[in-house]
Amino acid sequence: MPAVEKSGLRQVFKHGDCLTLIHKEKSWGGIRADLVRRTGLKKEETAFSSESHLILLNLQGNSESGEYFVHGRRASFVRRQPGAVLFVPAGCTWKGWEVGASTAAYLSISVAQAFVECLAGRVPSENMARLSPDLGFEDPIIMNAARGIGAEIGERNPMSTLLVESYATTIFAQLLRRLSYVPRSSKGGLSPAVLNRVIEKIDADMASDMSLSLLADVAGLSVPHFCRAFKQSLGCPPHAYIYRRRLEKVKEHLRHSSMSVTEIALTCGFSSSSHLSNAFRREVGTTPVRYRGSWRIAPSQ
């Protein structure tokens, strides 16, 4: 994507040698959206600084590896799948690189500080000041609101601005609410190489009932030591991580395959379609069938 000039600041994110298949954009006052689909991607460079807030929704293609720096300090790279959200607050400098799928699509939403400041009258100012970069997370509320903004790119309805502003308000309300739930990172834990081996084992045997002793053997540790180190590394115990990874794999199958819900459930380690549906509704806020349908009514790409 070419550089974008706004308020005298240069923004270059997701930049690399590739073919841009689609680039649609639209602005509604202090809110701007860019819908981009590209192919032939290899290594992508990022150099971003702006007076506006950035919300980036991954629509297609995985980001598998990379290196990020925020305000000149190394930040953790988070592997992102379709549906993942990235948030960079105004005034933040974000640089780095990443590699992933050769064909990808994303929706970027830029929100002026003035718009967010209008919300501050209903939110304690110290909470607004706590907004910080989050370079990869999943949140169905933010995802759906962002997709709602993306759907308005091609609309000419005079009510579009009001609708987009309501979606943007929803995004920032949810970002503020997430502040209470973001886990603090811990030092120590498993080495990157060992952690990768464990994650690869979990991903490869998704349908099996993996025991702690099996994963501890992969890590070369006792079960108690493994559980402590795993939680230090990822902020949650192994069983919680496996549960989350299974749901992520379910989402991927729902988005990109024609498998039935029952087939997906068994493939991802759930005992039945009803077991999956109950877990999915509890964690994602909707049913697998409705989730699949929402991705088949994506913003015009």
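One numbering rule holds for all chains: residues counted from 1, following each sequence as written. Local features in a predicted model are, by the rule used here, given only for residues with pLDDT of at least 70; side-chain atom pairs are given and counted only at 80 or more, and totals for whole chains, interfaces and linings are based on all residues. Here the side-chain values reflect all heavy atoms present in the structure, with hydrogen atoms and water set aside.

**A look at the overall build of the protein**
Assigned secondary structure in the protein consists of 11 helices and 12 strands. Expressed as a percentage of its 301 residues, the buried residues of the protein come to 44%. Put simply, 72% of the contacts in the protein that link residues at least 6 apart link residues at least 24 apart. Summed over its atoms, the accessible surface of the protein is roughly 15200 Å², and 52% of this surface lies on carbon and sulfur atoms. To qualify as a helix, a DSSP run of H or I must reach at least 4 residues; to qualify as a strand, a run of E must reach at least 2; elements of each kind are numbered from the N terminus. Relative accessibility thresholds used throughout: buried, under 20% of the residue-type maximum; exposed, over 50%; partly exposed, between the two (1.4 Å probe, protein chains only). Two residues form a contact once any of their heavy atoms are found within 4.5 Å. We get accessible surface area from the Shrake-Rupley algorithm with a probe of 1.4 Å; when it comes to residues, only the shown protein chains can shield them.

**So, the pattern of salt bridges**
By definition here, a salt bridge exists when the distance from a side-chain nitrogen of Lys or Arg to a carboxyl oxygen of Asp or Glu is within 4 Å. Going through the model one piece at a time under the given rule, you end up with 10 salt bridges. Residues D205 and K201 are paired through a salt bridge, measuring 2.6 Å at the closest nitrogen-oxygen approach. Its relative accessible area of 26% is what places K201 among the partly exposed residues. Each member of the salt-bridge network shares a partner with another, and the members are E25, R32 and D34.

**Focus on the nonpolar core**
Among buried residues, the Ala, Val, Leu, Ile, Met, Phe, Trp, Tyr and Cys ones that are joined through side-chain atoms within 4.5 Å form a nonpolar core. Among the nonpolar cores identified, the biggest contains 45 residues, and L107, I109, I171, F172 and L276 are the most heavily contacted of them. If you tally residues by element for this core, the top one is helix α4 (residues 160–178), at 6 residues. Judged by nonpolar contacts, the second largest core, of 16 residues, contains V198, F226, A229 and Y241.

**Looking at the confidence of the model for the protein**
Should the pLDDT be low somewhere, the predicted coordinates at that spot are not to be read in detail. What pLDDT expresses is the predictor's confidence in each residue, scored from 0 to 100. Across the protein, pLDDT averages 82, with 86% of residues at or above 70. A low-confidence stretch, residues 1–12 (pLDDT under 50), is modelled with 34 contacts involving residues beyond four sequence positions or located in other chains. Taken together, the stretch residues 297–301 has pLDDT below 50 and engages in 12 contacts with residues farther than four places along the chain or on a different chain.

**Overview of the pairing of strand β7 (residues 63–70)**
The pairing of β7 with strand β10 (residues 93–100) spans 7 bridges and is antiparallel. Note on β10: the bridge partner recorded for F69 is K95. In the sheet, β7 pairs with strand β8 (residues 73–75) via 3 bridges, with the strands oriented antiparallel. For Y68, the partnering residue across the bridge sits in β8 and is A75. For two strands to pair, DSSP has to find at least two bridges joining them. Connecting β7 to the antiparallel partner β8 that follows it, the hairpin turn spans 2 residues, and H71 within it adopts a positive phi of roughly 55 degrees.

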